[in-house]
Each structure stands twice: as C-alpha cells, then as structure tokens.
Amino acid sequence: MPVNKIVSSFDKAVADIPDGATVMIGGFGTVSSTPTMLLEALARKGVKNLTTVSNSCGFGKDVWKLLGYKFPEDIDVLVRNNCIKKAIASAPVSAVYQNNFEKKLRAGEVELEMVPQGTLAERIRAAKAGLGGIYTPVGVGTVVETGKEVKTIDGRKYVLELPIKADFAVIKAHKGDRWGNLTYRYTSRTFNGTMAGAAKVTIAEVDEIVELGELKPDEIHTPGIYVDRVVKRPAEYVEADGGEISKEAQESHDRFMERKSA
Amino acid sequence: MEEKFKLDRETMALRVAKEFQDGNYVNLGIGIPVLAANYIPAGREVIFQSENGVLGFGEITNVGEGDQDLQNAGGQTVRVQPGMSCFDHAESFTMIRGGHLDISVMGGFQVSEKGDLANYMVPERKIGTIGGAMDLAVGAKKLIVVMNHVTKDGKPRVVKQCTYPITAIESVSLLVTDIAVIEVTDKGLVLKEVAPGWTPEEVQKLTEPTLIVDPGCHDIELM
C-alpha cells in the first residue's frame, strides 16, 4: 500500500495528543514559522497540563495582526486557554511586552525551565540523534549549570545537558509530500527543522502539498523519515475568537514601529 | 575647557563597526548592535549571521515591505543577497557555539573586570530571557559589548564583580560605552579611547575597577 502521511484536518492531526503530553512546538519568536493551525486545534481540543518545548512562549495574535501577518496565532493560544503546565523555552518573555505567559508565571500558574537557545536546539537534536546528552561550554559559571555535572575537557569547562524527549512535535514547513518530505522558506526552518523527528510523533503543517517527486532529492530539507503526519493550511485564515486589538498589543506595536525591531 | 560629549546610539554603533574586518562573520544583537550594520568601513565586505538561521542577508526592509519568511532575529524583514544561506536552529548554533563567528556584538547591563557579562535579567524584574545570549557570548571569537557607561541613576556598569545574573564568564573582549572604549586583558581593563572632551581620570571616576590607561589612549575616532 502506498505510504500516505497526509491527514485531512487539523483536528484529526492532533486528536491523539493527550492531557499531560510533552509537545515540541516549532518556530522562533515571530509568528511566520509557527504551526498556527495545529496550535489552534490543540487549544480547541481543550488539552491540559502540557509540557511545551519551544523557543518563545508567544506574543499573542494581536501583535501579529497589527504587523499584517495572515496567520497570526502563536503559542499564546495555548497559554491563554490554560493548556500549559510547564514550558521549556529559551526566550519565554519579552523585554518590551508583557505576554500572557509572563502574567501566568508571575501568578504561579505555569512553571518554566529556561534553557539557552543553542542548548535547547542541541538537547532537542540529541533526542533526535539518539545521544545520551551533550557537553556544552554555554552556561558555565551561570545559573544554568546549577545541579548539573561540570566536566573539564582539554582544559575547558563544559556542562552536561540531557536530551529533551517529547511525545509530539508540531512544526510548520512550506511544502510537504505524502512521504513526509519537507521544505521550508528562508528563515522559517528555525526550530521546525530541528524538532522534526525529535519527538515520538512529528506533525507538520504545510502551505502546500505536492506530488511525490516534485521535491527534488537535493532540495529536501527534512527527509520524510522524521515526519509522521502532514496537514495542509487553508488558503484563508478564519479567526476563531476575534475581537478588538488589546491596548497592550497596540502600545507594543507602536514601540516596535519606533524601534523597528522586537 | 573642551566640551564633553557622550556618544549617542548611532555613534556607539559607528565605533563598534570600526572593529569589523574584511571578510568577518558577525552576529549583531537587538538594539544598538544592529545599527552597526549601517557603518561598515568602506571597502570591507562583512557577512552577517542571525541566529534564527540566516547567513549573508541583505539590508533591512521597511516595515510591511519584506518577505515575512525572511527575517533577522529582531523580527525585521531583510532582503535576499547573493551568497545568502538559510538553515535550522541546530545548524545556526553549531556556527555560533563552535567558534565560527569572528565577532558577536551585544548589549549589556554589567561587565566585570574579568570580562564577565550580565545582560539577560534585571534583578528587580525577577524574570529575564536568556534567548541566544549565552551561546553568542561564549561562542564568538571576539565578543564586543556596547552599553552606556553608567546606569540611569549614575551607578557604574563596569564593575569589579557583576551583581546581576551572569550571561557568560570571562567572555567580553572589547567594551564600547558612551564615554570610553575598553579592552579586557589578562592584566585587567585597559582604557584605549575616551569620548571627546573626557579625560581618563573622569572615565575612571565612573568605573568601579581600576583602569589601566593605555599609553596611546586617545579620543574615540568617529570618522
């Protein structure tokens, strides 16, 4: 029987993600490389007590709507719908904008394990690559090394960091085929490419599904062996719980326009 | 007496850019560091890396004009440039941590006598964000920190020991502030340049550890 990893809906794609699961979420900070539709489906399912693994913990869709992003929802949809028990992240809060995650963190409603970005990437890669851990010089002499083995190798100190294992990875790619081969556009690879295959089940949200063979062997970024499900984004985004832009988001947007960066 | 000047953000960025050598691979942090891209010395080709997975990108576009799938780490859209390459996070930090970048430039809250850097959390806020700072501070061949010399209420940011949470120990090579350029050496902090109108003694008064004044110490060259 032909291999077919294509799933017909986002709800079906996340149907077996249970309460308490550890879920890797691809992307970086800006919403453009975020699996928006998969995150919305997870929130719609009402899943609870997730441990999430991601670079950031969301800014919220208002910020992205103001900047003209077509698919504006980010991890904030899981934060504000109380789906998360613990987040493992490198940039959970913003210096210029108080996101919902920071509010919940200050209220004691979520836990946080903050990990340097490169260490986060490498701990994920370690899980994907079947390694028992990695020694990194990053974090030596800082709070990050607390409680961890520090080893001197060739005169330099390294911290032992363990793999991050997850049940599911939800990622965003540009094109996918029925074998699960994926390509990404420009800086949309981010943690998507790193997380693909690092969890027991990897689910990819793509802009376009193409025939097998259309993606040339030399241009495939993520080989299909790492991907279990592929689901296509609709052409148009329909906002589930729209409303007025929050005052905080508007203020943050105005500051962004002044500074011209996040 | 000569009039005293403090360097503004753009001028600090201009001074930082003088460190970029022909062919250097450079990562610029958010804030003043990214401005340095506008002041590359004439005749030098510098290749910029951004930790979200791009090397050799072009200039920043106006807001709303670029391709939303091509951004720098600050969320600004940038232009495609011949030679540009894109990659995932594991590859990006392999580059950063593995010592492949010549220069990393970032902002700071405090820098210690030994070159320790604190820049990810203001203690009063209790929550900070590490992001890529620890990797970038540890991994680059040369770490340049750019920051104001004192806090808003006049306290030295160049200190004997950081009181803010540390990003990386013994990592800073060069410090560019609004009144001085200081090199971190095994012997201590060497004052190399002062802002126009400032004397080394005046800079010392706003600095906690004792500075070694370089015999060639001169005004910061801004042209």
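For the structure itself, look to the data block above.
In this text, all values refer to a predicted model and were calculated from it rather than measured experimentally.

Some thoughts on the overall build of chain B
So, step 1. In terms of helices and strands, chain B carries five helices and 13 strands.
So, step 2. Relative to the globule expectation of 17 Å for 223 residues, the C-alpha radius of gyration of chain B, 17 Å, shows essentially globular dimensions.
So, step 3. In terms of principal-axis extent, the alpha carbons of chain B reach across some 50 × 40 × 30 Å.
So, step 4. For chain B, the proportion of its 223 residues judged to be buried stands at 49%.
So, step 5. Sequence separation of 24 or more characterises 62% of the internal contacts of chain B that already satisfy a separation of 6 or more.

Observations concerning the interface of chain B and chain A
So, step 1. Taken residue by residue, the interface counts 37 residues in chain B and 42 residues in chain A.
So, step 2. Going through the elements one at a time, α3 (89-97) and α4 (133-139) of chain B are the ones with two or more residues in the side of chain B that touches chain A.
So, step 3. Residue contributions to the side of chain B that touches chain A peak at five residues, all from α3(B).
So, step 4. Residues of the side of chain B that touches chain A, tallied by class, amount to 18 nonpolar, 13 polar and six charged.

Digging into the sheet that holds strand β9 (residues 158-159) of chain B
Residues and elements named next belong to chain B.
So, step 1. Across the sheet, three strands lie side by side as β7-β6-β9; this open sheet has mixed pairing. Each having just a single partner strand, β7 (117-118) and β9 make up the two edges of the open sheet.
So, step 2. With two bridges joining them, strand β6 (residues 110-112) and β9 adopt parallel strand pairing. Residue pairing for β9: S112 is matched across the bridge by V159.

Overview of α3(B)
Residue and element names in this part refer to chain B.
So, step 1. Most of α3 sits inside the fold, with seven of its nine residues counted as buried.
So, step 2. All buried positions along α3 are accounted for by H89, A90, S92, F93, M95, I96 and R97.
So, step 3. Where α3 ends, the next residue or the one after it, G99, has phi of about 80°, a positive value.

Here is what the cut-offs are and how they apply
Residues numbered from 1 in each chain as written. Chains lettered and ligands numbered in written order. Predicted model: local features only at pLDDT ≥ 70, side-chain atom pairs only at ≥ 80, totals over all residues. Helix = DSSP H or I, 4+ residues; strand = E, 2+ residues; numbered from the N terminus. Rg over C-alpha atoms; globule rule 2.2 N^0.38 Å. Buried ≥ 20, exposed ≤ 12 C-beta atoms within 10 Å, placed from the backbone. Contact = placed C-beta atoms within 7 Å. Nonpolar A, V, L, I, M, F, W, Y, C, P; charged D, E, K, R; others polar. Pairing = 2+ DSSP bridges.

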